[in-house]
Amino acid sequence: MTARPVLDACCGSRMFWFDRADERAVFGDIRQERHELADRSSAGGSRSLIIEPDQVIDFRALPFPDDHFHLVAFDPPHLIQNGSNGWLAKKYGKLGTDWREDIRGGFSECFRVLRPLGTLIFKWNEHEVKVSDILKLTNQKPLFGNRCGKNAKSHWVVFMKPAGDPIETSGTGGGE
């Protein structure tokens, strides 16, 4: 089998995928779990939330070689204050107390496994932390992005890994 060219480093329930079983992607997440969430709009008043990655992985220590993927999707948890049993935390995950180092490490690992001139798609919801503060955790320069979602709090940001020089791991660059 040919290696899959795409990595979703924290796939969750694969919400933004058109095909949640797309054979071009490796779906990874630190969680593997199922929940029944209350939902008045669903038949029976609830719906299933299924987090079932191809591989259980930690985005801070990806188990893939350098320069491996053509495209990496990086949609890490964005919640800090939400309780671990709240439906938002179950749906999106929750960051720990060292969240800045976690996100910095995630950017570093995503760029490490990305091929030169490969694309990193980063998604962030600034419900609790502004995207401008998150982009300071990488020294890589975004190409472009957009705001979407309720009250424009969700951001999609596109990066391209430079050709040539290795990626620095300390993040102080980036911008909005």
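Here the structure is a predicted model, which is why all the values come from computation and not from measurement.

**A closer look at the overall build of the protein chain**
At step 1: When helices and strands are counted, the protein chain shows three helices and nine strands.
At step 2: Taking the intrachain contacts of the protein chain between residues at least 6 apart in sequence as the baseline, contacts between residues at least 24 apart amount to 64%.
At step 3: Of the roughly 9,900 Å² of accessible surface on the protein chain, 50% is carried by carbon and sulfur atoms.

**Regarding the pattern of salt bridges**
At step 1: Following the criterion strictly, the structure yields 14 salt bridges and no others.
At step 2: A salt bridge links Arg14 to Asp54, with the nearest nitrogen and oxygen atoms 3.6 Å apart. A residue pair is termed long-range when its members are at least 10 positions apart, and Arg14 in the loop between β1 (6-8) and β2 (25-29) and Asp54 in the loop between β4 (46-51) and β5 (55-56) qualify at 40 residues.
At step 3: Judged by relative accessible area, Arg14 falls into the buried class, the value being 11%.
At step 4: Asp29 serves as the salt-bridge partner of Arg31, at 3.7 Å between the closest nitrogen and oxygen.
At step 5: You can call Arg31 buried: its relative accessible area is 14%.
At step 6: Salt bridges here are not isolated pairs; linked through shared partners, they connect Arg4, Arg14 and Asp54.

**Some points on the nonpolar core**
At step 1: Formed by 29 residues in total, the largest nonpolar core has its most connected members in Leu7, Leu62, Phe107, Leu120, Phe122 and Ile134.
At step 2: Looking at this core, the elements that each hand over two or more residues are β6 (69-74), α2 (99-113), β7 (114-125), α3 (131-135) and β9 (154-160).
At step 3: Of the residues forming this core, the biggest block, six residues, is contributed by α2.
At step 4: Not counting residues up to four positions away in its chain, the partners in contact with Leu120 are Val72, Phe74, Phe107, Cys110, Phe111, Leu114, Val157, Val158 and Phe159.
At step 5: Listed in part, the five residues of the second largest apolar core include Val6, Cys11, Ala25 and Phe27.

**A look at the side chain of Ser13**
At step 1: The topology assignment puts Ser13 in the loop between β1 and β2.
At step 2: Classification of Ser13 as buried rests on a relative accessible area of 10%.
At step 3: When near neighbours in sequence (up to four residues on either side) are disregarded, Ser13 contacts Arg20, Leu49, Ile50 and Ile51.

**A look at the side chain of His155**
At step 1: Within the secondary structure layout, His155 lies in strand β9.
At step 2: Note on His155: relative accessible area 5%, which makes it buried.
At step 3: A distance of 3.2 Å separates the side chain of His155 from the side chain of Glu126, its partner in a polar contact.

Criteria and thresholds
All residue numbers here refer to positions counted from 1 along the written sequence of the relevant chain. In keeping with the model being predicted, local features are shown solely for residues with a pLDDT of at least 70 and side-chain atom pairs are shown and tallied solely at 80 or more, while totals for entire chains, interfaces and linings include all residues. Only heavy atoms go into the side-chain values, all of them from the structure, while hydrogens and water stay out. Put simply, DSSP H or I for four residues or longer makes a helix, DSSP E for two residues or longer makes a strand, and each gets a number counted from the N terminus. The contact rule is simple, with two residues in contact once any of their heavy atoms fall within 4.5 Å. Each accessible area value is a Shrake-Rupley result obtained with a 1.4 Å probe; residue values ignore everything except the protein chains displayed when judging cover. Here, a salt bridge means any Lys or Arg side-chain nitrogen found within 4 Å of an Asp or Glu carboxyl oxygen. Three labels apply to residues, based on accessible area from a 1.4 Å probe with only protein chains included: buried if under 20% of the type maximum, exposed if over 50%, partly exposed otherwise in between. Residues belong to one nonpolar core when they are buried, are Ala, Val, Leu, Ile, Met, Phe, Trp, Tyr or Cys, and are joined through side-chain atoms within 4.5 Å. For this analysis, a polar contact is any N or O atom pair within 3.5 Å, provided that within protein one partner can donate a hydrogen and the other can accept it, and provided that sequence-adjacent residues contribute only side-chain to side-chain pairs.

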